[in-house]
Amino acid sequence: MADQQARPGEDKRPSGIPVIRWEEPPEGPVLILLDQTRLPSEEVELVCTDASALVEAIRSLAVRGAPVLGIAGAYGVALAAARGFDVDEAAEALESARPTAVNLSLGVRRGLAAYRDALAATGDPTAAATAALASAQALHREDAEASARMAAHGLALLDELMPGGGHRVLTHCNTGALVSGGEGTAFAVALAAHRVGRLRRLWVDETRPLLQGARLTAWEAARSGMAYTLLTDSAAGSLFASGEVDAVLIGADRIAADGSVANKVGSYPLAVLARYHHVPFIVVAPVTTIDPDTPDGVSIEVEQRPGFEVTEILTPQATAMGGGGGVPLAPLGTQAYNPAFDVTPPELLTAIVTEEGAVSPVTPEALAALCAQGRATPAV
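Below or above, wherever it landed, is the structure these notes cover. (Residues numbered from 1 in each chain as written. Predicted model: local features only at pLDDT ≥ 70, side-chain atom pairs only at ≥ 80, totals over all residues. Heavy atoms only, no water.)

### Considerations on the packing of helix α2 (residues 66-83) against helix α5 (residues 125-161)
Phase 1 of the analysis: Interhelical geometry of α2 versus α5 gives an angle of 165 degrees and a closest axis separation of 8 Å. Relative to α5, the element α2 is oriented roughly antiparallel. Considering the relative orientation of α2 and α5, their crossing is left-handed. Where α2 approaches α5, its residues Pro67, Gly70, Ile71, Ala74, Tyr75, Ala78, Ala81 and Ala82 are matched on the opposing element by Ala129, Ala132, Leu133, Ala136, Gln137, Leu139, His140 and Asp143. (Axes fitted to C-alpha atoms, helices over the stretch in contact; angles between N-to-C directions. Helix = DSSP H or I, 4+ residues; strand = E, 2+ residues; numbered from the N terminus. Parallel < 35°, antiparallel > 145°, perpendicular 65-115°, else oblique. Left-handed = near helix turned anticlockwise from the far one by under 90°. Contact = heavy atoms within 4.5 Å.)

Shown next, in the form of structure tokens:
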């Protein structure tokens, strides 16, 4: 089996381009993103000078992942305010850029509330823009702290479920530093296990059709010195059947009040496989991803993405031949079903891990208590 070999405890701690940062050059403030569509072949920065550029970056997945979308949304409001654009209009566009990820709308609303409160108090648009930026920066710091706390809670749960270490963990999509102000959600738990020598293997689903696992999670795992192996999504069943998976760790884009979890498409089949094979299935996400206003999984709006993402190979190096700019995989005119997410019901979950702790079994009452605890915890 050709894969990345184990180097227990080794941690290179990537020091490359930050995922998201605010800068103020002489020509005016900008939001700078690491363009995730160009990874792993090259690290390219994308400069957003207004909210419309950020909206396009969000829709194209140049920036993606629930926690960092919340941060981006808050910075987008601050950018519109600092540049003198219509803040309400910018907020509306940002909030609708990706409908399933609840953190995006929360970040936008938080930045907008800070802007409006300061404007009402001072009548000064400059002071209001400063307040919006301070709100975004605070959210950025809070997410980094939440990431560290999720990692600690998640590692404790793994050790409780599987004493002795040697964890073989399967993950889906990308949940590391690329989606967070810190080191991520589910990936951060695996990274914590790696650092203390208790991660034997990280199994990385490629995550069709846009290959976030192959392009991004494998990239992060390699740069962190983790032992990892990439597999096609369709190979997961045989991996479970061979007894090579001790736990599944995934993130979430929205968690309904009843515990239903919307995550990257392909997550639900993993939950079914995990249940059949008696393998723990664990969701790791910040409390802000729990949406009490969404009662159940049926109520979650699932984003439908363009069919060409399925019918073509999309890479920066591809020769543009198809309608979406990639190399065709299917005959011209082929229709494609391409939901960005699927929904896993709470009865298939072993636990949900947040910065406030873990809940197991997953029930509406337990999630409500967790949310209340989160609201009571002072921001850092």
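### Examining the pattern of salt bridges
Opposite charge on two side chains allows them to pair when their charged atoms are near.
Phase 1 of the analysis: This model, assessed by the stated rule, comprises 16 salt bridges.
Phase 2 of the analysis: Put simply, Glu45 and Arg21 hold a salt bridge, and the shortest N to O gap is 2.5 Å. Taken as a pair, Glu45 in strand β3 (residues 45-48) and Arg21 in strand β1 (residues 20-23) lie far apart in primary sequence, 24 residues in all.
Phase 3 of the analysis: Put simply, Arg98, Glu303, Arg305 and Glu309 are held in one network by salt bridges that share partners. (Salt bridge = Lys/Arg side-chain N within 4 Å of Asp/Glu carboxyl O.)

### Description of the side chain of Glu206
Phase 1 of the analysis: Relative to the elements of secondary structure, Glu206 occurs in the loop between β5 (199-205) and α7 (212-223).
Phase 2 of the analysis: Summary of buried charges: Glu206 has no salt-bridge partner, and the nearest side chain of opposite charge, Arg208, is 5.1 Å away.
Phase 3 of the analysis: Not counting residues within four places of it along the chain, the set of residues in contact with Glu206 comprises Leu211, Gln212, Gly213, Ala214, Leu230, Leu231, Thr232 and Asp233. (Buried < 20%, exposed > 50% of the residue type's maximum accessible area, 1.4 Å probe, protein only. Lys, Arg positive; Asp, Glu negative; His and termini not counted.)

### Quick notes on the sheet that holds strand β4 (residues 167-171)
Phase 1 of the analysis: Across the sheet, which stays open at both edges, the seven strands sit in the order β6-β5-β4-β7-β10-β15-β16 with mixed pairing between neighbours. Unpaired on one side and paired on the other, β6 (228-231) and β16 (357-359) mark the two borders of the sheet. Each neighbouring strand pair of the sheet contributes to a mean axis angle of 25 degrees, computed without reference to strand direction.
Phase 2 of the analysis: Pairing geometry for strand β7 (residues 247-250) and strand β10 (residues 281-284), over three bridges, is parallel. Of the residues in β10, the one forming a bridge with Ile250 is Val283.
Phase 3 of the analysis: Taken strand by strand, helix α6 (residues 186-195) contacts β4, β5, β7 and β10, and its axis lies near 155 degrees from that of β5. (Pairing = 2+ DSSP bridges.)

### Observations concerning the nonpolar core
Phase 1 of the analysis: Counting 46 residues, the largest nonpolar core has Ile20, Leu31, Leu33, Leu54, Ile58, Tyr75 and Leu94 as its most contacted members.
Phase 2 of the analysis: When residues in this core are grouped by element, the largest group, 11 residues, is from α2.
Phase 3 of the analysis: In this structure Ile58 touches Val63, Leu69, Leu94, Ala97, Arg98 and Leu104, once residues within four positions along its chain are discounted. (Core = buried A, V, L, I, M, F, W, Y, C linked by side-chain atoms within 4.5 Å.)

### Side note on the pairing of strand β15 (residues 351-354)
Phase 1 of the analysis: Side chains of β15 alternate between two faces, with Ala351 and Val353 and Ile352 and Thr354 buried alike.
Phase 2 of the analysis: Pairing between β10 and β15: three bridges, direction parallel. Across the sheet, residue Val283 finds its bridge partner in β15, namely Ile352.
Phase 3 of the analysis: Sheet topology places β15 next to β16; three bridges connect them, and they run antiparallel. Bridging from a neighbouring strand, Thr354 pairs with Gly357 of β16.
Phase 4 of the analysis: The hairpin formed by β15 and β16 contains two residues between the paired strands.

### Considering α7
Phase 1 of the analysis: For α7, built from 12 residues, the straight-helix expectation of 16 Å at 1.5 Å per residue is met to within 8% by its first-to-last C-alpha distance of 16 Å.
Phase 2 of the analysis: The buried count for α7 comes to nine of 12 residues, which makes it a mostly enclosed element.
Phase 3 of the analysis: Turning to α7, its buried residues are Gln212, Gly213, Arg215, Leu216, Thr217, Ala218, Trp219, Glu220 and Ala221.
Phase 4 of the analysis: Here the buried face of α7 lies against β2 (30-34), β4, α6, β5, β6 and β9 (261-264). (Expected span 1.5 Å × (residues − 1).)

### A closer look at unusual backbone geometry
Phase 1 of the analysis: Look at the link from Arg208 to Pro209: it is a cis peptide, with omega at 5 degrees.
Phase 2 of the analysis: Relative to the helices and strands, Pro209 resides in the loop between β5 and α7.
Phase 3 of the analysis: Cis rather than trans, the peptide bond between Ser360 and Pro361 has omega equal to 0 degrees.
Phase 4 of the analysis: Assignment of secondary structure puts Pro361 in the loop between β16 and α11 (364-376).
Phase 5 of the analysis: With phi around 70 degrees, Leu61 is a residue other than glycine that occupies positive phi space.
Phase 6 of the analysis: The exposure class of Leu61 is buried, given its relative accessible area of 6%.

### Notes on the environment of Gly181
Phase 1 of the analysis: Among the secondary structure elements, Gly181 is positioned in the loop between β4 and α6.
Phase 2 of the analysis: Counting along the chain gives 134 residues from Gly181 to Val47, while the straight-line C-alpha distance between them is 18 Å.
Phase 3 of the analysis: Contact partners of Gly181, with chain neighbours within four places excluded, come to Ile71, His140, Asp143 and Ala144.

### Some remarks on the packing of aromatic side chains
Phase 1 of the analysis: This structure, assessed with the given rule, holds one aromatic pair.
Phase 2 of the analysis: Where Trp22 meets Tyr75, the ring centres are 6.0 Å apart and the plane angle is 20 degrees; that geometry is what we call stacked. Here Trp22, found in strand β1, pairs with Tyr75, found in helix α2; they are 53 residues apart in sequence, far enough to count as distant. Across the pair, Tyr75 and Trp22 agree in class, each one buried.
Phase 3 of the analysis: The ring of Phe341 is capped by Lys264, whose NZ or CZ atom sits 4.9 Å from the centre of that ring. (Phe/Tyr/Trp six-rings, centres within 6.5 Å; stacked < 30°, edge-to-face > 60°. Lys NZ or Arg CZ within 6 Å of the ring centre and 35° of its normal.)

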